[in-house]
Amino acid sequence: MSLSPTGALRHSGSLFAMALDVLRTLPRRPFQLREFIQQAWFIASVTILPTALVSIPFGAVIALQIGSLTRQLGAQSFSGAASVLAVLREASPIVTALLIAGAGGTAICADLGARKIREEIDAMQVLGIDPIHRLVVPRVLASMVVAVLLNGLVSVVGVAGGYFFNVVLQNGTPGAYLASFTTLAQLSDLWAAELKALVFGAIAAIVASYKGLTAKGGPKGVGDAVNQSVVITFMLLFVTNFVMTAVYFQVVPQKG
């Protein structure tokens, strides 16, 4: 990737243009159902186990930190609500996004990059086949669907892990932990987290597809494209998470 300001702007513009092309191509028929199912299964197979394993320490750390803080403040009855809010609003979408980008996104970028250096993409264009419609759109949709499902998995595992560490290790009260769920948490928190996961999955797949389709320089170029896609995706995810969280707090009234 060029380090000059003009090069960065050019890449940013090309990435945004590709995102618009994906959005424009979504309703085009025929829909590549077989490719979508294959990609969804592949992304799920490489991310389900790592996501579940990563979500356990996330929930544990949040529960331990919040449990210690609420005990110091004399507000142990709110430890469950605070833990659930932290896991549901922030930890679940972030963990899902990192695993989708780190596992699924790298695989997408490597696959498309290998096709690019073997000139398969050029051959498709010569035959009049749109690579965006044929290859990118199914991968973007598969990443979005899997991200939404993984977010639900992370939420369940994270909350269960937080419950275990709070009740077992910190001698919390199970009834108070469970009863405090509805004190501050609300259904809109879950929908906001699912929307975040949906957007994060789309961003990860679009960035990975863009870097894969623009890879050059042989196998080394593909490896560089994979590394760049992960870094760019992480940066965009954290910025997008901040923006969506700020908008959510402005739009949705909070319980208090």
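Residues numbered from 1 in each chain as written. Predicted model: local features only at pLDDT ≥ 70, side-chain atom pairs only at ≥ 80, totals over all residues. Heavy atoms only, no water.

Looking at an unreviewed UniProt entry, the protein carries the name ABC transporter permease, with the source organism given as Streptomyces tirandamycinicus.

With that out of the way, let us pick up the UniProt feature "transmembrane region" (unreviewed entry) in the protein. UniProt feature "transmembrane region" (unreviewed entry): in the numbering of this structure it lies at residues 40-64, 140-165, 190-210 and 230-251. Across residues 40-64, helical content stands at 100% and strand content at 0%; the span's end C-alpha atoms are separated by 35 Å. With 100% helix and 0% strand, the stretch residues 140-165 has end C-alpha atoms that lie 36 Å from each other. (UniProt positions renumbered as here; feature names shortened; annotations may be inferred. Helix = DSSP H or I, 4+ residues; strand = E, 2+ residues; numbered from the N terminus.)

This part covers the environment of L149. Following the sequence through the fold, L149 ends up in helix α5 (residues 131-169). Each C-alpha atom of the pair L149 and E194 lies 8.5 Å from the other, and the pair is 45 residues apart in sequence.

Between α5 and helix α8 (residues 187-213), whose axes approach to 8 Å, the crossing angle comes to 145 degrees. The element α5 and its partner α8 pack so that their crossing is right-handed. Along the contact surface, α5 presents I132, V136, R139, V140, S143, M144, A147, V148, N151 and G152, while α8 presents A193, E194, A197, L198, G201, A202, A205, I206, S209 and L213. (Axes fitted to C-alpha atoms, helices over the stretch in contact; angles between N-to-C directions. Left-handed = near helix turned anticlockwise from the far one by under 90°. Contact = heavy atoms within 4.5 Å.)

In the structure shown here, the tally under the stated rule is 10 salt bridges. The partner of E35 in a salt bridge is R134, with the nearest N and O atoms 3.4 Å apart. You can see E35 sitting in helix α2 (residues 33-73) and its partner R134 sitting in helix α5, a full 99 residues away along the chain. Residue class for E35 comes out buried when judged on its relative accessible area of 11%. Salt-bridge contacts for R139 lead to E35; the nearest nitrogen and oxygen are separated by 2.9 Å. Taken as a pair, R139 in helix α5 and E35 in helix α2 lie far apart in primary sequence, 104 residues in all. Comparing R139 with E35, the two get one shared label, buried. What emerges from the salt-bridge pattern is a single network uniting E35, D111, R115, R118, E120, R134 and R139. (Salt bridge = Lys/Arg side-chain N within 4 Å of Asp/Glu carboxyl O. Buried < 20%, exposed > 50% of the residue type's maximum accessible area, 1.4 Å probe, protein only.)

The next thing to look at is the nonpolar core. Grouped together as the largest cluster of nonpolar side chains are 43 residues, with contacts concentrated most on I100, I132, V136, V140, V146 and L213. Broken down by secondary-structure element, the contributors of at least two residues to this core are α1 (5-25), α2, α3 (79-117), α4 (120-126), α5, α8 and α9 (218-251). Per-element tally for this core: the top contributor is α8, with 11 residues. Excluding residues that lie within four positions of it along the chain, I100 makes contacts with I43, G105, S143, V146, A147, L150, G201 and A204. (Core = buried A, V, L, I, M, F, W, Y, C linked by side-chain atoms within 4.5 Å.)

Moving on: the side chain of T47. Looking at the secondary structure, you find T47 in helix α2. Take T47: its relative accessible area is 0%, and that puts it in the buried class. Beyond its immediate chain neighbours, meaning those up to four positions away, T47 contacts L99, A103, G104, V146 and L150.

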